[in-house]
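Here are the chains, one letter per residue:
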Amino acid sequence: MDFTFTEEQQAAAEAAKGVFAGVAPDAVPSPALTPGAVADTHDRALWAGLAGADLLSLLLDERYGGAGLDAIALCLVLRESAQVLARVPLLESSAAAAAVQAFAGDEAKSALLARAGRGEIVLTVAAHGRTGHDPAELAVTARQDGEAWVLDGVQTAVPWAYDADVTVVPAHTATGRTVLALVPREHPGAVLAEQFSTSGERLGELRLESARLTARDVIDADGAWEWLRDLLATGTCALALGLGERVLRMTGEYTSKREQFGFPIATFQAVAVQAADRYIDLRAMEATLWQAAWRIATGSPGALPPAGDVAVAKIWAAEGVRRVVQTAQHLHGGFGADVDYPLHRYHAWAKHLELSLGPAAAHEEALGDLLAAHPPA
């Protein structure tokens, strides 16, 4: 196991830093100031910048105009995006495209991948189930009717649902298998209802009522959903890490300048200890993130399936990012809640990331099930 990044991975991170350098967190729409959704769509100018820097095609093969990189490179870019609260469907579209490339048929690949890599279309994934806490693959049923597939069910909190040209929907069959349906925007039998995240972003509740799809638009490959789910969860951990690092840096800068009794409050033992604890959280988040990304990228064997490493990473990410923003709010005092200061935006985004794809408790339960099924030798 070697966590040294390759030159290509480092180049992707540097390219991301260049693109995100022009994004001001102060200018990100605030959920505290905007009733309803903070915006009707994602940051299209930034999306175009990512496409121009070839960062939307990182995971795609060269024949689709991609760089042929791996989950580690994607996580490095996502880490940078979260530091500036980049309002783009980078994780969802990249992960969905990677799943299409790995598991879909040639027709679907030809129709979607090159265009997704150029930023011409947006892909997303319905990964939160009916309530946000139940398995996503059980929220929708899929049955074959001749050469077509028919979908029924509800998926909640679909990110960027109103921006997406195609939504990847996991669904279960009568035999208990999971397929991935590629549902186009405004497809007959597919209806969206508006929902909102704690970050103020517009989500969608996707209702499928006898929605018919051709066989080309259904991925019927073993392990496709599990692989996609693990990639999404690991990418979410990368977002949490990047956000937490930026928040702790903001806290260090503030406490170094804020004085009480003639001294910077950063010199007070109580402040230093709390900041040190959060630094430890971030290092644990980082180590578990790269372990999970490395397992996905390499397919290397381990004592548990890759899902075990993903669960550990998500446990640390969910609990760690919450503790980091809470401590930051406390050490900032009144500035932490000041809507003219960006910290409250990071807090809102952190809460969304903490609960996205399951809170820590859900992944602790999943980890327990994996340990029971794969007892240590």
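A brief report on the enclosed structure follows. Remember, predicted model here, so these are calculated numbers, not experimental data. (Residues numbered from 1 in each chain as written. Predicted model: local features only at pLDDT ≥ 70, side-chain atom pairs only at ≥ 80, totals over all residues. Heavy atoms only, no water.)

By size, the foremost hydrophobic cluster in this structure holds 93 residues, and its most contacted members are Phe-20, Leu-228 and Leu-243. Among the elements that make up this core, the one with the highest residue count is helix H6 (residues 224-257) (16 residues). Leu-228 has contacts with Ala-95, Ala-96, Ala-99, Val-125, Val-168 and Leu-180, leaving out every residue within four places of it along the chain. Judged by nonpolar contacts, the second largest core, of 19 residues, contains Ala-126, Val-140, Ala-211 and Leu-213. (Core = buried A, V, L, I, M, F, W, Y, C linked by side-chain atoms within 4.5 Å. Buried < 20%, exposed > 50% of the residue type's maximum accessible area, 1.4 Å probe, protein only. Helix = DSSP H or I, 4+ residues; strand = E, 2+ residues; numbered from the N terminus. Contact = heavy atoms within 4.5 Å.)

Turning to helix H4 (residues 90-103), a few remarks are in order. The α-helix winds at 3.6 residues per turn, so residues separated by three or four positions along the chain end up facing the same way. The end-to-end C-alpha distance of H4 is 20 Å, a good match for the 20 Å that 14 residues give at a rise of 1.5 Å each. The buried fraction of H4 amounts to 12 of the 14 residues, a majority that puts the element mostly inside the structure. Among all positions of H4, only Leu-90, Leu-91, Glu-92, Ser-93, Ser-94, Ala-95, Ala-96, Ala-97, Ala-98, Ala-99, Val-100 and Gln-101 are buried. (Expected span 1.5 Å × (residues − 1).)

Moving on to the pairing of strand S7 (residues 202-214). In this structure, strand S3 (residues 148-159) lies alongside S7, joined through 9 bridges in antiparallel fashion. In the sheet register, Trp-149 faces S7, and the bridge partner there is Leu-213. Pairing between strand S6 (residues 190-196) and S7: 7 bridges, direction antiparallel. Among the inter-strand pairings, Ala-190 is bridged to a residue of S7, identified as Leu-208. (Pairing = 2+ DSSP bridges.)

Moving on, we come to the packing of H6 against helix H8 (residues 306-332). With their axes 9 Å apart at the nearest point, H6 and H8 run at an angle of 25° to one another. When the axes of H6 and H8 are compared, the pair comes out roughly parallel. By crossing handedness, the relation of H6 to H8 is classed as left-handed. Classifying every residue of the contact of H6 with H8 by side-chain character gives 18 nonpolar, 6 polar and 2 charged. (Axes fitted to C-alpha atoms, helices over the stretch in contact; angles between N-to-C directions. Parallel < 35°, antiparallel > 145°, perpendicular 65-115°, else oblique. Left-handed = near helix turned anticlockwise from the far one by under 90°. Nonpolar A, V, L, I, M, F, W, Y, C, P; charged D, E, K, R; others polar.)

On to the environment of Thr-34. Tracing the chain through its elements places Thr-34 in the loop between helix H1 (7-20) and helix H2 (44-52). Looking at Thr-34, the relative accessible area reads 25%, which means it is partly exposed. In sequence terms Thr-34 and Gly-200 are 166 residues apart; their C-alpha atoms lie 7.8 Å from each other.

Once that is clear, we can look at the packing of aromatic side chains. The final tally for this structure, using the stated rule, is 4 aromatic pairs. Ring geometry for Phe-5 and Trp-290: centres 5.0 Å apart, planes at 75°, overall edge-to-face. One end of the pair, Phe-5, is in the segment before H1; the other, Trp-290, is in helix H7 (residues 269-298), with 285 residues separating them in the sequence. Assessed through its relative accessible area of 25%, Phe-5 is described here as partly exposed. Taking the relative accessible area as the measure of exposure, Trp-290 reaches 5% and is therefore buried. Of the aromatic side chains, those joined through ring pairs into one cluster are Tyr-254, Phe-335 and Tyr-341. In this arrangement the basic side chain of Arg-202 is found over the ring face of Tyr-162, its NZ or CZ atom lying 4.0 Å from the centre. The lysine or arginine in question, Arg-283, covers the ring of Tyr-279, its NZ or CZ lying 4.9 Å from the ring centre. (Phe/Tyr/Trp six-rings, centres within 6.5 Å; stacked < 30°, edge-to-face > 60°. Lys NZ or Arg CZ within 6 Å of the ring centre and 35° of its normal.)

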